[in-house]
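Listed here are the chains, written in short residue letters.
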Amino acid sequence: MSGGGHGLAAVGMELPEAPDRALAPPEAIVVRLLSFAARVASNCPLVLRDVASLYAATAPTTCRGELGAAPHFAITEYRRDGHGPYYRLSRAGRALRVFRTPRDAVAHLEYLVNAAAARALAHNLLVHAGVVATERGGILLPGASGQGKSTLVAALCLAGFTYFSDELAVLDGESLSLLPFLKAICLKDGGWQMLAGSFEAPPPLLGAVRVDGEAVRYLPAPNPCSPDGRAEVRHVVVPVRQPGAAVALAPCSPARALAELARHSLNLPRHGRRGVESLAGIVERASCFTLTYDDLRGAVGVISDLAGQRRLVRG
Amino acid sequence: MVDTSEALAPDYPALPLRASHVAQRLVGGELVLYDGKRQRVHVLNSTAAFIWAECDGKHGQADIVAALAESYPEHGDELEGDVARVLGVFRAEGLLKT
């Protein structure tokens, strides 16, 4: 923890300092994820550039004026008593946290925007899962944090799969089609090293330290789906990363796959019995597997074979 | 210390009965239960599914063991313990009517 003159933490502090001098008048952009929109303002062009790059697949637009009831976020760059610059993150005018670097502020903003989007999209079934697709349909990769979903999704997209999301499967409440949640891919350092060691990955958009202390890198969504695209679930693949394990794709019963989807659902209680029926319908139409792996290229290879995807990267 | 465990334990009828808040559905040939109260999904193996079907408020534990023995005569010695264990899980998970 480095303190500077004000006891500010390296990543962020709980009690924000009031700015005494903002450096420039703010500008704003609109970030959209499906039907969700948020206004993000900043007086720091670097901040707006980074935020726009994280959601580049959804083509953020410049915002002039207000945006109705949509969430309003701001990152204000300021100096205080000759120190700084500091970056104050606020929502609806209420200060949330102060950061020492614009990138750490952007990383926390991205987390808040995604969380707000998930809440706004809760009329759909939401599952903690990576999602990729081919022309033949979508592949759901459910799992908790730390299972390597984002790394696997990034690798699959670099191998030619279409990107839908590295974290959140949005299943349309009516048709149960997969909808794209086109945030940038967020990789922890270990995931980034693994990806860069196996694939020709594009340079990260930015690196940051999240408020939980985790160093992360944001990767541009490779091969993104159109923002209004959709796909039917064709495969459910439960990834299990085990150090030293050989790559193995084993059939999983639809009931077990349903239990996995339910376990990783973010809002099944809201949908109740109807939601379970929906998930049951999905796993009954899809083919379901458990993927055990350690080698990323091998994992991409077996999923490519499963999906009938021409291998762009030889494993 | 006063042992309150007996007083606090739910009172289950002698003839186990499926709770009304639990929905069931066959998915790919396996029985899936959805507990609407605890918002949990359970996948039952064939033995547990058999026992679940017998939890109709008309059969006691001994009846269920006897019915199961007709289907699995080779497991006769283990069935009593298996049925008790599975019913215990059903109760612990709140799947049976108290």
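### Some words on the nonpolar core
Residues and elements named next belong to chain A. With 124 residues, the main nonpolar core has Val132, Ala155, Leu156, Leu258 and Val283 as its most contacted residues. Residues lining this core come from more than one domain, with at least three contributed by each of domain 1 (21-120) and domain 2 (125-307). Leaving out residues up to four positions away in the same chain, Val132 has contacts with Ile139, Val153, Leu156, Cys157, Phe161, Thr162, Tyr163 and Phe164.

### Some remarks on the domain arrangement of chain A
Residue and element names in this part refer to chain A. Parsing chain A into structural domains produces domain 1 (21-120) and domain 2 (125-307). Just the C-alpha atoms count here: the centres of domain 1 and domain 2 sit 27 Å apart. With 16 residues of domain 1 in contact, the opposing surface of domain 2 contributes 22 residues. Ranked by residues supplied to the side of domain 1 that touches domain 2, first place goes to helix H2 (residues 102-120) with seven residues. Looking at the side of domain 1 that touches domain 2, its residues break down into nine nonpolar, four polar and three charged.

### Regarding the interface of chain B and chain A
Opposite the 11 residues of chain B that make contact, chain A presents 15 residues. Breaking the side of chain B that touches chain A down by element, the ones donating at least two residues are strand E1 (22-27), strand E2 (30-35) and strand E3 (40-44) of chain B. Broken down by class, the residue content of the side of chain B that touches chain A amounts to six nonpolar, three polar and two charged.

### Some remarks on the environment of A:Val283
If you trace the backbone, A:Val283 turns up in helix H6 (residues 268-285). A count of 25 C-beta atoms within 10 Å places A:Val283 in the buried class. Taking the C-alpha atoms as reference points, A:Val283 and A:Leu187, separated by 96 residues in sequence, lie 28 Å from one another. Among residues more than four places away in sequence, those in contact with A:Val283 are A:Val236, A:Pro254, A:Ala257, A:Leu258, A:Leu261, A:Cys288 and B:Val27.

### Examining the sheet that holds strand E13 (residues 185-188) of chain A
Residue and element names in this part refer to chain A. Ordered by their spatial adjacency, three strands build an open sheet running E13-E15-E14, and the pairing between neighbours is antiparallel. The sheet is open, and its two edges are formed by E13 and strand E14 (206-209), each paired on a single side. This sheet shows a mean twist of 30° between the axes of neighbouring strands, independent of strand direction. Here E14 runs beside strand E15 (residues 215-219); their pairing, made up of four bridges, is antiparallel. Bridged to Val209 within E15 is Ala215. Contacts between H2 and the sheet are confined to E14 and E15, with E14 contributing the most and set at about 85° to the helix.

Thresholds, definitions, all that
Residues numbered from 1 in each chain as written. Chains lettered and ligands numbered in written order. Predicted model: local features only at pLDDT ≥ 70, side-chain atom pairs only at ≥ 80, totals over all residues. Core = buried A, V, L, I, M, F, W, Y, C linked by C-beta atoms within 7 Å. Buried ≥ 20, exposed ≤ 12 C-beta atoms within 10 Å, placed from the backbone. Domains from an automatic or database assignment. Contact = placed C-beta atoms within 7 Å. Helix = DSSP H or I, 4+ residues; strand = E, 2+ residues; numbered from the N terminus. Nonpolar A, V, L, I, M, F, W, Y, C, P; charged D, E, K, R; others polar. Pairing = 2+ DSSP bridges. Axes fitted to C-alpha atoms, helices over the stretch in contact; angles between N-to-C directions.

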